[in-house]
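Structural description and commentary
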Amino acid sequence: MSNEVAELFAWLMDTYWDDPGGFAVDVLDFYPDEWQEKVLIDLATSNWVTVRSDQGVGKTVLESVAALWSLSCRPYPKVIATAPTRQQLNDVLWAEIAKWTNQSELLGLILQCTKTRVYMIGHEERWFAVAKTATKPENLASFHEDYILFIVDEASGVADPIKETILGTFRIRK
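Counting starts from 1 at the beginning of each chain's written sequence and moves along it residue by residue. In view of the model being predicted, local features appear only for residues whose pLDDT reaches at least 70, and side-chain atom pairs are presented and counted only at 80 or more, with totals across whole chains, interfaces and linings using the full set of residues. Hydrogens and water are ignored here; the side-chain numbers use all heavy atoms of the structure.

Right, let's talk about the sheet that holds strand 4 (residues 128-131) for a bit. Taken together, 5 strands build an open sheet; the order of strands is 2-3-4-1-5 and the sheet is mixed. For this open sheet the edge positions go to strand 2 (111-113) and strand 5 (148-152), each flanked by a neighbour on one side alone. The average undirected angle you get between the axes of adjacent strands in this sheet is 15°. Relative to strand 4, strand 1 (residues 78-82) runs parallel, the two being bridged by 4 bridges. When the sheet's bridge partners are listed, Ala81 is paired in strand 4 with Ala131. Sitting on the sheet, helix 4 (residues 59-73) is in contact with strand 1, strand 2, strand 3 (117-120), strand 4 and strand 5, with an inclination near 165° to strand 5. Here the rule is simple: two strands pair whenever DSSP picks up at least two bridges between them. A helix here means a DSSP run of H or I that spans at least four residues, while a strand means a run of E at least two residues long, and both kinds are numbered starting from the N terminus. Axis definition: a line fit to C-alpha positions, over the contact stretch in the case of helices; interaxial angles, taken between N-to-C directions, run 0 to 180 degrees. Here, two residues are considered to be in contact whenever any of their heavy atoms come within 4.5 Å of each other.

All right, on to the side chain of Asp153 then. Positionally, Asp153 belongs in the loop between strand 5 and helix 7 (160-173). The classification of residues rests on relative accessible area computed with a 1.4 Å probe and restricted to protein chains. Under 20% of the type maximum is buried, over 50% is exposed, and intermediate values are partly exposed. Residues counted as positive are Lys and Arg, residues counted as negative are Asp and Glu, and His and the chain ends are not counted. Here, a salt bridge means any Lys or Arg side-chain nitrogen found within 4 Å of an Asp or Glu carboxyl oxygen. Comment: no salt bridge for buried Asp153; closest opposite-charge side chain is Lys59, at 6.1 Å. Sequence-distant contacts of Asp153, defined by excluding residues within four places in its chain, comprise Thr60, Glu63, Thr82, Ala83, Pro84, Gln88 and Leu93.

The next point concerns the nonpolar core. Take the buried residues of types Ala, Val, Leu, Ile, Met, Phe, Trp, Tyr and Cys, join any two whose side-chain atoms come within 4.5 Å, and each joined set is a nonpolar core. One finds Phe23, Leu28 and Leu68 to be the most contacted residues of the largest nonpolar core, which totals 43 residues. If one sorts the elements of this core by residue count, helix 4 sits on top with 9 residues. Excluding residues within four positions of it along the chain, Phe23 makes contact with Leu12, Tyr16, Leu28, Val65, Leu68, Trp69, Ser72, Cys73 and Leu107. Residues Ile80, Tyr119, Phe128 and Val130 belong to the second largest nonpolar core, which totals 6 residues.

A few words now on the side chain of Ser104. Within the element layout of this structure, Ser104 appears in the loop between helix 5 (86-103) and helix 6 (105-110). Discounting residues that sit within four places of it in the chain, Ser104 has contacts with Val27 and Leu28.

When pLDDT is averaged along the chain, the result is 84, and 87% of the positions lie at 70 or above. The least confident element of the chain is helix 7, whose mean pLDDT is 68; the most confident is helix 2 (residues 20-28), at 96. Per-residue confidence from the predictor is reported as pLDDT, which spans 0 to 100.

A separate point is the packing of helix 2 against helix 4. Direction vectors running N to C along helix 2 and helix 4 enclose 90°, while the axes themselves pass 10 Å from each other. Here helix 4 runs roughly perpendicular to helix 2, going by the angle between their axes. Counted together, Pro20, Phe23, Ala24 and Leu28 of helix 2 and Val65, Leu68, Trp69, Ser72 and Cys73 of helix 4 form the full contact between these two elements. Residues are grouped as follows: Ala, Val, Leu, Ile, Met, Phe, Trp, Tyr, Cys and Pro are nonpolar; Asp, Glu, Lys and Arg are charged; every other residue, Gly included, is polar. In the contact of helix 2 with helix 4, the residues fall into 8 nonpolar, 1 polar and no charged. Here roughly perpendicular refers to angles of 65 to 115 degrees, roughly parallel to angles under 35, roughly antiparallel to angles over 145, and oblique to all remaining angles.

Take a look at the structure:
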């Protein structure tokens, strides 16, 4: 990591560690609705956050903000984004993550976005978000790190064995 990138990350971490809403506004130029702000506050203070709502209310952008905040404000995080179908994951959720990554000049200095990964430049192996379809439990197993964020889009369509695999990751860490 270059000195410039290290300094930028240190500033992001110091400034937004407990403030994903501020990160959304200042870094992404996204202004969360009241319910989105509450979810972001919960995300900063809790290990378990779920969101249930109708379609078209802004869950996907919220998931994108959460992923990018975690990548930008935690050291060596792993963000695992999943959905029941490849179409939902790649064409909807991952496209939204890529949109916000690419339009942020600040994030462009520290993060690289590909079709299935976003990673901290210079730390591709340990500091990343990855898109994994929720079709087999083994796709979501064996992720270990101090800072892990699972984003399960359209969770009602995810089979119970896959949910158990995700929950197992957190049981191991206790």
